[in-house]
Amino acid sequence: MKYSFPDGFRLGATGAGWQMEGEADKRPDQKHFPHLMWENDRDAWFEGVGPEVASDFYRRFRTDIPLFRQAGIRQYRFNIDWSRFLDDYEAVTVNERAARYYSDVIDCLLENGIEPALCLEHWELPAALYEKYDGYASRRVQDLYVAYAQEAFRRYGDRVHTWFAFNEPMVIPELCFLNGAWWPHEKNPRRAYAWIHGKVLCTARAARACREILPDARFGAILNSPYIVPRDANNPDDAAAARIADDFFWRPFTDTAVLGRYPENFLRILTDEGLLFDYRDEDARLIAENTVDVLGMNYYQPMRVKAKETPWDESRPFHPSKFYDDYDMPGKRMNPYRGWEIFPKSLYDIGMRIKTEYGNLPWIVSESGMGVQNEARFKGPDGVVQDDYRIDFIAEHLAWLSKAVAEGSNCQGYWLFASLDNCSPYNAFKNRYGLVEVDRAQNLARRLKKSAAWYRAASDANCFEFKEI
Ligand code: BG6
């Protein structure tokens, strides 16, 4: 069956800053938060590998970007590493060498016919601002983030017309401070929700600054959408459990960014738990007045929940799972390497939800992808990774997305994660995501995978063949 997208819909890819760039030309005092995670938790990172070299995109972008073009990437979302971009985070003095690097990447993308979209942070909060002020919980750091954003708008706004505040602003508060999975392994909900509110305020303030400096640009939020699915939508208890998970994991950033307000239930529960952050009247006004123009939704897997069956231990620090249990659906399709469910239909559901609940705002699938371990075993005699599983994964997601677009959802693009194999948090180079291989046994040599040719053909034609969904 043939699936197609309207004119103007683009296939692209994402390049996560620190996960690809590496730390060449950075001073030791220019660390970012993921570097701290690795430095303090090295044994937990796959083979001890961290962000120091990553894919070495910093030194190789001039030869990488033409490969992206060959892989059919027409739009490219990447980000500035705040910790590299400034020499002095408090005085907001730009490191000219870093500024030139980002400028050169933008020019190189444009020369290759690829439209750049810039995100201001993929977790690269400068370590100094984390250590001195506790990061986004601090109003001082929020001021410094906005000052940094203004500098970026002034430098690159002549060539970059789509901007995003953060990549997945929920991830660090959730994994580092709420459930303790990542360093510093805290279960400290007060800190987690203070960070979340800080990032909500930064998003609104950066949107306002972007409009002042670049009135013709569009400004957006990139959110992780663990699309929440109840065990049984017809069971009121399961549905109620899913609504609470939604209030805590989907809606805090989506509602504030698009509707200009927090979900009531989220504020009410945090108040009841004695965990409401410093929420001022002027914050509510700021959020209401500075919503975004475009949403980026990163989607990997659904979050399945059911009504609470296990007792909640009141001596534990608060977690939203006080009100729901995770649901392990029998027979679900898995990506065994990452341990994530594969459920492409969510892209249709996300599209219809944005259409009905969020005013059909323009949106983009800003990440979607499949990480696979030991891809070298799939190499053919010519050394090319025969990643048919990735082609099927992309095609099935695109098929569901095209159905949403056909039914009126205003989705304008699909950006694969990722252009290049890169360094994941903790998993490092274990699972490979790229259309372009990074061969770590051969001095990081690059080679297009089979999926790159498929992606190119789909991108050029804006349509593709796949089985009926
Ligand atoms: C997204 C992040 O959540 O998932 C990326 O924006 C990340 O930074 C991607 O790499 C895939 O997850 P992982 O943990 O396999 O790298």
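Just so it is clear, the model here is predicted, and its values are computed rather than measured.

*Asks:* How would you sum up helix H9 (residues 189–213)? Please name residues and give values.
*Replies:* An ideal rise of 1.5 Å per residue puts 36 Å on 25 residues; H9 measures up with 36 Å between its terminal C-alpha atoms. The element H9 is largely enclosed, with a buried count of 18 among its 25 residues.

*Asks:* How would you sum up the nonpolar core? Please name residues and give values.
*Replies:* Counting 155 residues, the largest nonpolar core has Trp82, Tyr145, Trp163 and Tyr414 as the members making the most contacts within it. The element best represented in this core is H9, accounting for twelve residues. Setting aside its immediate chain neighbours within four residues, Trp163 contacts Leu118, Leu120, Ala152, Phe153, Tyr156, Gly157, Cys210, Leu214, Ala217, Arg218, Phe219 and Gly220. Formed by seven residues, the second largest nonpolar core is a distinct cluster that contains Cys119, Ile222, Val294 and Ile364.

*Asks:* Help me get a handle on helix H2 (residues 33–40), residues and values and all.
*Replies:* Burial of H2 is extensive: six of the eight residues sit out of reach of the surface. Taken residue by residue, H2 has Phe33, Pro34, His35, Leu36, Met37 and Trp38 as its buried positions.

*Asks:* Report on the pairing of strand S3 (residues 75–79), specifying residues and quantitative values.
*Replies:* In terms of burial, S3 is largely enclosed, as five of its five residues are buried. Of the two faces of S3, both are covered, the one formed by Gln75, Arg77 and Asn79 as well as the one formed by Tyr76 and Phe78. In this sheet, S3 lies alongside strand S2 (residues 10–14) in parallel orientation, the contact comprising three bridges. Residue pairing in the sheet places Gly12 in a bridge with Gln75 of S3. Pairing between S3 and strand S6 (residues 115–119): five bridges, direction parallel. Paired with Gln75 across the strands is Glu115, a residue of S6.

Conventions we followed
- Position numbers for residues start from 1 in each chain and track the written sequence from start to end.
- Whole-chain, interface and lining totals are the exception, using all residues; otherwise, since this is a predicted model, local features are given only for residues with pLDDT of at least 70 and side-chain atom pairs are given and counted only at 80 or more.
- Heavy atoms from the whole structure form the basis of all side-chain values; hydrogens and water molecules are not counted.
- By the criteria applied, helices consist of DSSP H or I runs no shorter than four residues and strands consist of E runs no shorter than two, each listed in order from the N terminus.
- Helix span is expected to be 1.5 Å times the residue number reduced by one.
- Burial classes follow relative accessibility: with a 1.4 Å probe on protein chains only, a residue under 20% of its type's maximum area counts as buried, one over 50% as exposed, and anything between as partly exposed.
- In plain words, nonpolar cores are sets of buried Ala, Val, Leu, Ile, Met, Phe, Trp, Tyr and Cys residues tied together by side-chain atoms within 4.5 Å.
- Any two residues whose heavy atoms approach within 4.5 Å at even a single point are treated as in contact.
- Paired strands, in this sense, are two strands between which DSSP finds at least two bridges.

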